[in-house]
Amino acid sequence: MDFGLAALKLVCSQLREAKETQSQNSFSLGDIRFQRAWLQGVLVSTSDAGAPLLLDDGTGVIHLSLSGDFRLRPWKTGMYVMVVGGYIASLGEPPMIKVHKIVDLSAFPDREAMWYLEVIEAYKLFYAPN
């Protein structure tokens with residue numbers, strides 16, 4: 001993982017536009033190369049058996065792969081969470097985020113509305129083609 005590459009603030013629909021690059025394990029969105037994505041959304045499916053969680057951000061659904069201590073926490077359907085992690089898209093498999101950080105933001109109801117504004121602002125400032 002190249003931590004010199006930014007973790008892009010995105011929604012799931014933008015990830016569908018990402019193209020795999022020739023560089024190992026990286027993707028591009030326009031002219032920006034990335035390996036990690038920063039998403040926020042509602043958990044719509046959870047599992048005690050270690051299966052991936054499903055996150056819905058209103059534009060699509062993505063699988064979340066948890067490891068280590070994150071598996072021990074009580075993730076519940078309906079929680080609004082922020083996730084940062086490596087983006088993985090393989091042919092024939094649903095896209096996935098290998099979670100490096102996940103935070104329950106359910107106690108902050110304004111976060112969801114603010115998230116969309118943050119993504120739009122980041123796109124206009126950093127990701128939009130000139």
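Above this text is the structure in question.
Residues numbered from 1 in each chain as written. Predicted model: local features only at pLDDT ≥ 70, side-chain atom pairs only at ≥ 80, totals over all residues. Heavy atoms only, no water.

**Brief notes about the overall build of the protein chain**
For step 1, the next point in the chain: Counting secondary structure elements, the protein chain contains 2 helices and 9 strands.
For step 2, the next point in the chain: Element order for the protein chain, N to C, with α for helix and β for strand: β-α-β-β-β-β-β-β-β-β-α.
For step 3, the next point in the chain: Put simply, the protein chain has 130 residues, and 36% of those count as buried.
For step 4, the next point in the chain: For the protein chain, the share of sequence-separated contacts (at least 6 apart) that also reach a separation of at least 24 residues comes to 60%.
For step 5, the next point in the chain: On the protein chain, roughly 7700 Å² of surface is accessible, and the fraction owed to carbon and sulfur atoms is 55%.
For step 6, the next point in the chain: Here the protein chain holds 12 positive side-chain charges and 14 negative ones, and the gap between their average locations is 4 Å. (Helix = DSSP H or I, 4+ residues; strand = E, 2+ residues; numbered from the N terminus. Buried < 20%, exposed > 50% of the residue type's maximum accessible area, 1.4 Å probe, protein only. Contact = heavy atoms within 4.5 Å. Areas by Shrake-Rupley, 256 points an atom, 1.4 Å probe, with all protein chains shown as cover. Lys, Arg positive; Asp, Glu negative; His and termini not counted. Charge placed at Lys NZ, Arg CZ, Asp CG, Glu CD.)

**Here we look at helix 2 (residues 111–127)**
For step 1, the next point in the chain: Turning to helix 2, its buried residues are Trp115, Val119, Ala122 and Tyr127. One face of helix 2 carries all of its buried residues, which in axial projection span an arc of 70 degrees. Facing away from the buried side of helix 2 by more than 90 degrees, the exposed set consists of Ala113, Leu117, Lys124 and Leu125.
For step 2, the next point in the chain: Residues of helix 2 that are buried make contact with strand 1 (7–9), helix 1 (12–15), strand 4 (32–34), strand 5 (36–45) and strand 8 (80–88). (Arc of directions from axis to C-beta.)

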